[in-house]
Structures are given as C-alpha cells and as structure tokens.
Amino acid sequence: MKRKVWILSDGAPGHLSQSRGVVDALATRLALEVDTIPLKVRSALWKRLGRLCLPRIRNTRAWLARIYEIAPPPGRPELIVSSGANTLLANALLAREHRAANVYSGTLKGYDPTAFDCVFTVVRLAGVACNQVLPLPPVPGELARPLPAPPAGTPRIAVLIGGDGAGYVFRDADWRALADGLAALARREGAQLLLTTSRRTGAAAEAILRAALPPALLADAVWWDQAPRKVVRDFLAAASAVVVTEDSLTMVAESLYSGRPVISVAPATAAPNANDGAALEAYAERGLLARSPIAGLASAALPTANPSLPDVQAEIAAVLLPLLEHPKP
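Worth saying up front: this structure is predicted, and the values here are computed from it rather than measured.

Enquirer: Report on empty space enclosed by the protein, specifying residues and quantitative values.
Expert: Within the structure shown, the criterion is met by one cavity of 30 Å³ or more. In this structure, the largest cavity encloses a volume near 50 Å³. For the largest cavity, the full set of lining residues is Arg76, Glu78, Arg99, Ala100, Ala101, Leu323, Leu324, Pro327 and Lys328.

Written out as structure tokens, the structure reads:
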C-alpha cells in the first residue's frame, strides 16, 4: 500500500527542491503517493497573527481560508512536507487538522517548534527538540548521488554564477575580478570553462563577463539574460571541478552533491544571514568545499581530491520511518 504524502509549495524552486529531497529520500524505503499542493499567502497580517496564535488555534480550516489560497486534495495524508517561510503555518495547521506527521526543511522563523514532528537543517537550532541536523540540505533523488567521473580530454571547470541577493552585492569591480580570476584558474589548470549565469545575474554583469573572458577559455557558456538554458547538471557531469558563487545555497548544494572539488566565491560585499554563513562554514570545515573571495580566485587552489559525500538520503529516511510507523491518534 502506498503511503500518502503532501508537499506544500510556495512556488520557489529552491524550496520545492528541498521538499522533494525529503520525500525522495523516504521513497527509497517506502512506496509513496505524492501530491504537490501550491499555495499563496492571501493575508500577510493574518499569517503573522497565526504564527502568534498557533498553539491555541483549533479551527484550522477557518485560519487556512483567511491566510492562504490553497486547495488540498481529498483524503488524509500520513505525512506533510514543506520548505519556505510562507508554508510554515499551512504545514502546521494541515498536520493538526489531518493528524498527520509533518516535516519542515529550514529554520522556523519564530514558529512554535512543537507544531512540527521534524525540522531538518544544516545548522543546529537552539531550543528545537525535533531538529535533525544534516551534513547537506535535501535535494531531489536524481541529484543526491555523486556523478560518474568526467570524460577524458581537456579538463573542464563548471562555473555557476548567481547575483545580488541573500546579503551578497556584486558590483562591476567584482564581475571584472571574477572574469580575471576564472581566466587565471583555467590557464593554471590547463582547463576550459563551462559557464552559466542565472536570472539574478543581469545583462550588465553578463556584458562585463563576456568582454573580459577570452573566448578560447570557454568550452560553453549560457548567458541567461540572452538565451537561457538549463545546463547545470550537464555542466557538472562534464566538469572535473566547480566554481560557484555563494549567494545561492541551492547552487552550492548541487555543486557539492556532484562529488567534484568545489570553490565557492563571494564578492567584496557579502553579509549572509547567520544560518547561511554557518552552513557555508560547516561545509568548509567538513572539507566539502574551499571558500575564496572573488578577489583571491586568481591564486586560489582547487581542492586536490573529490570530497567524501555523506549519504544524506539514508539519514533522512532513518528519521522519517519511525514517524510513519507510529501514526498520531
């Protein structure tokens, strides 16, 4: 018999990726029937009130109707999974209504931890008894296993570039320094670059990079503002090493899961929140990546060996199975 699981999605790809990662880990052990339920906050005011009143809410349907545009499917789930701050209250209320186990991936943003059966993070949450700390964040099953060795021939370095956000601000000088650093790294390693920007990079930054990077060093390049292509997995598979900007922990995690040596780089203005900063520090301490300011990339050394990746799927499944073995009354 398949176990019924609901994923709540706020529409953010990174949040859905983490939720799928949790569910895919469980699917390695159990047959699942999974419904992904989109939601949208209708009232930010009622959501703030709901966070404060959560321990005392009894009429869950009325609160859900006030706060969200959401249409759950019929039936009773055994497990509810979500990531992203806008899903926290819906996760807790639906779990209460259906007496379902519930899991959240991320920090709790002030919500009552007793409303959740498990909270997955990569950094310890103080005072949260149900917190389970993972060495890497959850990712969908197809991304959770290291890639095979890259093809023989000229080495390739995958370059994943983000942009402003999460406390990181890129200025023209940062983009020029990034281009210079990538060129120096490629020449030193006798490698070519597989480079992709993202929707956050922007046309102005792409113009600086295109002008400054010698075309002979680019085996392939995706300039997202001009002609977007989803190539990250293909570039990682073809690469022997990775350079990734730190503004996206989703890109950092996908790079690490590839099993390639990784350098993460940051602009001169880098002020990640405490959780993101601690996560990056933890990855470096575990030997999963090397960190460098963009200005130091030209002299940065690639890690000499592929990292030994933990089995995150097994760790997640080991936590979730007991929740389903002992359903709520």
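Enquirer: An account of the environment of Val5 is requested, with residue identities and associated values reported.
Expert: Tracing the backbone through its elements, the reader meets Val5 in strand S1 (residues 3-9). Judged by its relative accessible area of 0%, Val5 is buried. Sequence spacing of Val5 and Thr36 is 31 residues, and the spatial spacing of their C-alpha atoms is 8.6 Å. The residues contacting Val5, other than those within four sequence positions of it, are Val23, Leu32, Glu33, Val34, Asp35, Leu79 and Val81.

Enquirer: Give a description of the nonpolar core that names residues and reports values.
Expert: Grouped burial of nonpolar side chains is what soluble globular proteins tend to show. Membership of the largest hydrophobic core comes to 77 residues, with the highest contact counts inside it found for Leu178, Leu182, Tyr283 and Leu297. In terms of residues, this core owes the most to one element, helix H5 (residues 172-189), which gives seven residues. Aside from chain neighbours lying at most four places away, what touches Leu178 is Ile161, Leu209, Val265, Ile294 and Leu297. Counting 28 residues, the second-largest nonpolar core is a separate cluster that includes Trp63, Leu108, Tyr111 and Phe116.

Enquirer: Talk me through the pairing of strand S8 (residues 156-160); I want residue IDs and the actual numbers.
Expert: Summarising burial for S8: four of the five residues are buried, a large majority. Strand direction decides the pairing type here: S8 and strand S10 (residues 192-196), joined by five bridges, are parallel. By the bridge assignment for S10, Ile157 is matched with Leu193. Bridging between S8 and strand S12 (residues 241-245) involves four bridges; their strand directions are parallel.

Enquirer: Help me get a handle on the side chain of Ser17, residues and values and all.
Expert: Considering the arrangement of structural elements, one finds Ser17 in helix H1 (residues 13-27). Each residue touching Ser17, except ones within four places of it in the same chain, is listed here: Pro138, Val139 and Pro140.

Enquirer: Any details on unusual backbone geometry? Residues and values, ideally.
Expert: A positive phi is found at Arg99, a non-glycine position, where the angle reads about 55 degrees. As for its position among the elements, Arg99 is in the loop between helix H4 (88-98) and strand S5 (101-105). A positive phi is found at Ala166, a non-glycine position, where the angle reads about 60 degrees.

Enquirer: Before we move on, can you summarise the pairing of S10 with the specific residues and values?
Expert: Where burial is concerned, most of S10 is hidden: four out of the five residues are buried. Regarding topology, helix H6 (residues 203-212) serves as the crossover connection from S10 to the parallel strand S11 (residues 218-222), and that connection is right-handed.

Enquirer: Which residues make up the environment of Leu280, and what are the values?
Expert: Inspection of the secondary structure puts Leu280 in helix H9 (residues 274-285). Spatially, the C-alpha atom of Leu280 lies 34 Å from that of Ala31, the residues being 249 residues apart in sequence. Once residues within four sequence positions are removed from consideration, Leu280 is found in contact with Tyr168, Glu246, Leu249, Val252, Leu289 and Arg291.

Enquirer: Report on the sheet that holds S5, specifying residues and quantitative values.
Expert: The strand order S3-S2-S1-S4-S5-S6-S7 describes an open sheet built from seven strands, whose pairing is mixed. Two strands bound the open sheet, and with one partner strand each, they are strand S3 (68-70) and strand S7 (131-133). Here the strands of the sheet are splayed against their neighbours by 25 degrees on average, with no regard to which way each runs. Relative to strand S2 (residues 32-41), S1 runs parallel, the two being bridged by seven bridges. Paired with Leu8 across the two strands is Ile37, which belongs to S2. With respect to the sheet, H4 is in contact with S1, S2, S3, strand S4 (79-83) and S5, its orientation differing from that of S5 by roughly 170 degrees.

Enquirer: Give me the lowdown on the pattern of salt bridges, citing residues and values where you can.
Expert: Tallied over the entire structure, the rule returns nine salt bridges. Arg20 is the partner of Asp24 in a salt bridge, and the nearest nitrogen-oxygen pair spans 3.9 Å. Remark: Arg20 and Asp24 occur in helix H1; sequence separation between them is four residues, near one turn of the helix. Here the residues in one salt-bridge network are Lys4, Glu33 and Asp35, joined through shared partners.

Calculation rules
- Residues numbered from 1 in each chain as written.
- Predicted model: local features only at pLDDT ≥ 70, side-chain atom pairs only at ≥ 80, totals over all residues.
- Heavy atoms only, no water.
- 1 Å grid on protein atoms, 1.4 Å probe; cavity = no way out; pocket = protein on both sides within 12 Å on 5 of 7 lines; lining within 4 Å.
- Points joined across faces, edges and corners; volume = space filled by probe spheres on them.
- Helix = DSSP H or I, 4+ residues; strand = E, 2+ residues; numbered from the N terminus.
- Buried < 20%, exposed > 50% of the residue type's maximum accessible area, 1.4 Å probe, protein only.
- Contact = heavy atoms within 4.5 Å.
- Core = buried A, V, L, I, M, F, W, Y, C linked by side-chain atoms within 4.5 Å.
- Pairing = 2+ DSSP bridges.
- Right-handed = clockwise from strand over helix to strand, strands pointing away.
- Axes fitted to C-alpha atoms, helices over the stretch in contact; angles between N-to-C directions.
- Salt bridge = Lys/Arg side-chain N within 4 Å of Asp/Glu carboxyl O.

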